[in-house]
Amino acid sequence: MDRRSALPRRLAQVAKYALDHPDEVAFGTAASIAGAADVQPSTLVRFAHQLGYEGFSDLQKVFQERLRGRNSSYEERMKALKNTKEDEQGEAALVRGFLTAAQRSLQDFSDLVDPALLSRAVGILAGADTIYLIARRRSYPLVAHMAYAFGKLRVKNNLIASPNGIDPEIASMANRQDAALAISFSPYAADSVAQARAMADAGVPVVAITDSAFSPLADCATEWLEVAESDYAGFRSLSASMALCMALPVAIAEARRQKQGKN
């Protein structure tokens, strides 16, 4: 479902521009962005308020942070580690840094869990004949674990990760009785986004796990769950995402068991 359809026309216009031109939104002026989106600058403020931000500059900071994270190479992150204070260096300090980021991620996600949204997402996946799992790059370990857990719980699933390059063909097997779980974080994996969009266009319900309302996965998902991980020296945690992906198979299997018990 396209979430822009619920917005007033002008705000939907801004949303489309933001999704299509995130770099311009990150570093443009309010006047230049409004001009390019063909709206008044005041519409940008209204759009920011609609998303829960105090003003457009606060929303713009979100785009700037995501752009910085996207452009940060692993070499630059290693340099950032070298710039830590002398008494904070060493292997133990490195582990503590990652643990602190993990703890922040877990606490932030725990504070933001929406029970109703989570229940709807579980309901979609539990009602599916087959769950198609979509992820690439740093998100891949999440679906790899879910495929393992689903197998142990005897929940039919299909991990779209073929070594012989037939992922599009596998994805095309999904139908309206199935569902897809797609996971991607900025910078978003193009293959994951394309497969999720293709399934949504074919009428397959899509549940997404992603990091922002401006994620292309959020734009095409039936329901989406937001997980914004903390980082240490630019290296982002996967702790909250993994906790969610450990819980979902169990919740889905339990929902299916309860449904079967009523039949």
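Our structure's up above, just so we're on the same page.
This write-up is about the structure you can find in this document. (Residues numbered from 1 in each chain as written. Predicted model: local features only at pLDDT ≥ 70, side-chain atom pairs only at ≥ 80, totals over all residues. Heavy atoms only, no water.)

### Overview of the pairing of strand β1 (residues 131–135)
Next up, step 1: Across the five residues that make up β1, a large majority, five, are buried.
Next up, step 2: Side chains Ile 131, Leu 133 and Ala 135 of β1 all project onto a buried face; the interleaved residues Tyr 132 and Ile 134 project onto the opposite face, where all are buried too.
Next up, step 3: Judged from the three bridges that link them, β1 and strand β2 (residues 157–159) form a sheet pairing that is parallel. By the bridge assignment for β2, Tyr 132 is matched with Asn 158.
Next up, step 4: In this fold, the crossover linking β1 to β2 by way of helix α9 (residues 140–153) has right-handed handedness.
Next up, step 5: Sheet analysis places β1 next to strand β3 (residues 179–183), joined by five bridges and oriented parallel. Residue pairing for β3: Tyr 132 is matched across the bridge by Ala 180. (Buried < 20%, exposed > 50% of the residue type's maximum accessible area, 1.4 Å probe, protein only. Helix = DSSP H or I, 4+ residues; strand = E, 2+ residues; numbered from the N terminus. Pairing = 2+ DSSP bridges. Right-handed = clockwise from strand over helix to strand, strands pointing away.)

### Quick look at the pattern of salt bridges
Next up, step 1: For the coordinates displayed, the defined rule picks out four salt bridges.
Next up, step 2: Linking Glu 223 and Arg 120 is a salt bridge whose minimum nitrogen-to-oxygen distance equals 3.0 Å. Of this pair, Glu 223 sits in strand β5 (residues 223–226) while Arg 120 sits in helix α8 (residues 115–126), placing them 103 residues apart in sequence.
Next up, step 3: Accessibility expressed as a relative area gives 13% for Glu 223, which makes it buried.
Next up, step 4: Arg 120 gets classed as partly exposed once you look at its relative accessible area, which sits at 42%. (Salt bridge = Lys/Arg side-chain N within 4 Å of Asp/Glu carboxyl O.)

### Let's talk about the sheet that holds β3
Next up, step 1: Ordered by their spatial adjacency, five strands build an open sheet running β2-β1-β3-β4-β5, and the pairing between neighbours is parallel. The open sheet has two edge strands, β2 and β5, and neither has a second partner. Sheet twist, expressed as the mean angle between neighbouring strand axes with direction ignored, is 15°.
Next up, step 2: Relative to β1, helix α11 (residues 190–201) is tilted by about 150°, and along the sheet it contacts β1, β3 and β4 (206–210). (Axes fitted to C-alpha atoms, helices over the stretch in contact; angles between N-to-C directions. Contact = heavy atoms within 4.5 Å.)

### A few points about the environment of Glu 229
Next up, step 1: If you trace the backbone, Glu 229 turns up in the loop between β5 and β6 (231–232).
Next up, step 2: Taking the relative accessible area as the measure of exposure, Glu 229 reaches 14% and is therefore buried.
Next up, step 3: Linking Glu 229 and Phe 109, residues 120 residues apart in sequence, is a C-alpha distance of 8.3 Å.
Next up, step 4: Excluding residues within four positions of it along the chain, Glu 229 makes contact with Ser 105, Ser 237, Leu 238, Ser 239, Ala 240 and Ser 241.
Next up, step 5: A polar contact is formed between the side chain of Glu 229 and the side chain of Ser 237, at a distance of 3.4 Å.
Next up, step 6: Within the structure, the side chain of Glu 229 is placed 3.3 Å from the backbone nitrogen of Ala 240, a separation counted as a polar contact. (Polar contact = N/O pair within 3.5 Å; in protein donor to acceptor, adjacent residues only side chain to side chain.)

### Quick notes on α9
Next up, step 1: Between the first and last C-alpha of α9 there are 20 Å, a value that for 14 residues agrees with the 20 Å anticipated at 1.5 Å per step.
Next up, step 2: All buried positions along α9 are accounted for by Leu 142, Val 143, Met 146, Ala 147, Ala 149 and Phe 150.
Next up, step 3: Looking at the packing, one finds that the buried side of α9 touches β1, β2, β3 and α13 (239–262). (Expected span 1.5 Å × (residues − 1).)

### Concerning the nonpolar core
Next up, step 1: The biggest cluster of nonpolar side chains holds 30 residues, and the ones touching the most others in it are Ile 131, Leu 133, Leu 181, Ile 183, Ile 209 and Ile 252.
Next up, step 2: When residues of this core are traced back to their parent elements, those giving at least two are α8, β1, α9, β3, β4 and α13.
Next up, step 3: Of the residues forming this core, the biggest block, six residues, is contributed by α13.
Next up, step 4: In this structure, Ile 252 is in contact with Val 122, Leu 125, Ala 126, Ile 131 and Phe 150, ignoring residues within four places of it in sequence.
Next up, step 5: Ranked by size, the runner-up nonpolar core spans 19 residues in total, among them Ile 134, Ile 160, Ala 180 and Ala 218. (Core = buried A, V, L, I, M, F, W, Y, C linked by side-chain atoms within 4.5 Å.)

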